[in-house]
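# Chain and residue survey
Single-letter residue listing:
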Amino acid sequence: MGYRYIQLLQGEIKMYLLKMNIEELLEESEILRYNVESKKNYQRPPIPAHYRKIANYLLNSDNPIMPTAILAAVGNDSIIDANGELRFTNKIRIVDGQHRIMGMECLNNGYTKFSSKRYEELKNSYDFPVVLMVIEEKDSMVEVDAFININSKGQRVKTDLAEALKSQKFFKMHENEEKI
């Protein structure tokens, strides 16, 4: 399978912006979790409550939206550019997005009575933006730094004003329906 892309450059790091549906993402990616014995990788074990919350959102929302990109990495020798489409010879490494991916797997594995059916509905029609960094093994600290930056610099943002606005819009919308 090939993926059309937009190429980006940040400093010396080449990146590709592409889209992948749920099934493609599950097939083409791997999550490399920390191994105590070998002291390799940096992903912690997934938090079931977190990925189940994502699975429930995908299951119960009429129009689920998750526009934030999945961040992945791959070595240059693992990608082939064939007529403007990227193909992978190895799985891409997930840097950020493991809980979204686990949420999708949770749906697929029959988390609830209706989750497998919902997965089937979404698998080819729900696209994720994916930012793919080209990082060689010798430069793996760049990948680790990206993970640290994403997961340590972010701060929860208050959503109370947006929630209030959403509530106002909802009531105005239904107020007009009642008049009709």
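Everything discussed here concerns the structure shown above.
Being a predicted model, the structure only gives us computed values, none of them experimental.

## Looking at the overall build of the chain
When its secondary structure is counted, the chain shows six helices and nine strands. Projecting the C-alpha coordinates of the chain onto the three principal axes gives extents of approximately 65 × 35 × 35 Å. When the 180 residues of the chain are sorted by exposure, 37% land in the buried category. For the chain, contacts bridging at least 24 residues in sequence account for 70% of all contacts bridging at least 6. Roughly 12200 Å² of accessible area belongs to the chain as shown, and the carbon and sulfur atoms make up 52% of that amount. In the chain, which carries 25 positive and 26 negative side-chain charges, the distance between the mean positions of the two groups comes to 5 Å.

## As for helix H2 (residues 48-60)
Between its terminal C-alpha atoms H2 stretches 18 Å, which fits the 18 Å expected from 13 residues at 1.5 Å a residue. Of the residues making up H2, those classed as buried are Tyr 51, Ile 54, Ala 55, Leu 58 and Leu 59. For H2, the angular spread of the buried residues around the axis is 135°, confining them to a single face. In H2, the exposed positions that point more than 90 degrees away from the buried face belong to Ala 49, Lys 53 and Asn 60. Buried residues along H2 sit in contact with helix H3 (98-108) and helix H4 (115-122).

## A few points about helix H5 (residues 140-153)
With 14 residues, H5 should cover 20 Å at 1.5 Å per step; its first-to-last C-alpha distance of 20 Å lies within 8% of that length. Turning to H5, its buried residues number three or more, namely Glu 143, Ala 146 and Phe 147. Down the axis of H5, the buried side of the element spans an arc of 95°, and every buried residue falls inside it. Those residues of H5 that are exposed and aimed more than 90 degrees away from the buried face are Met 141 and Lys 153. Buried residues belonging to H5 abut strand E5 (70-74), strand E8 (92-96) and strand E9 (127-134).

About the thresholds
Residues numbered from 1 in each chain as written. Predicted model: local features only at pLDDT ≥ 70, side-chain atom pairs only at ≥ 80, totals over all residues. Heavy atoms only, no water. Helix = DSSP H or I, 4+ residues; strand = E, 2+ residues; numbered from the N terminus. Buried < 20%, exposed > 50% of the residue type's maximum accessible area, 1.4 Å probe, protein only. Contact = heavy atoms within 4.5 Å. Areas by Shrake-Rupley, 256 points an atom, 1.4 Å probe, with all protein chains shown as cover. Lys, Arg positive; Asp, Glu negative; His and termini not counted. Charge placed at Lys NZ, Arg CZ, Asp CG, Glu CD. Expected span 1.5 Å × (residues − 1). Arc of directions from axis to C-beta.

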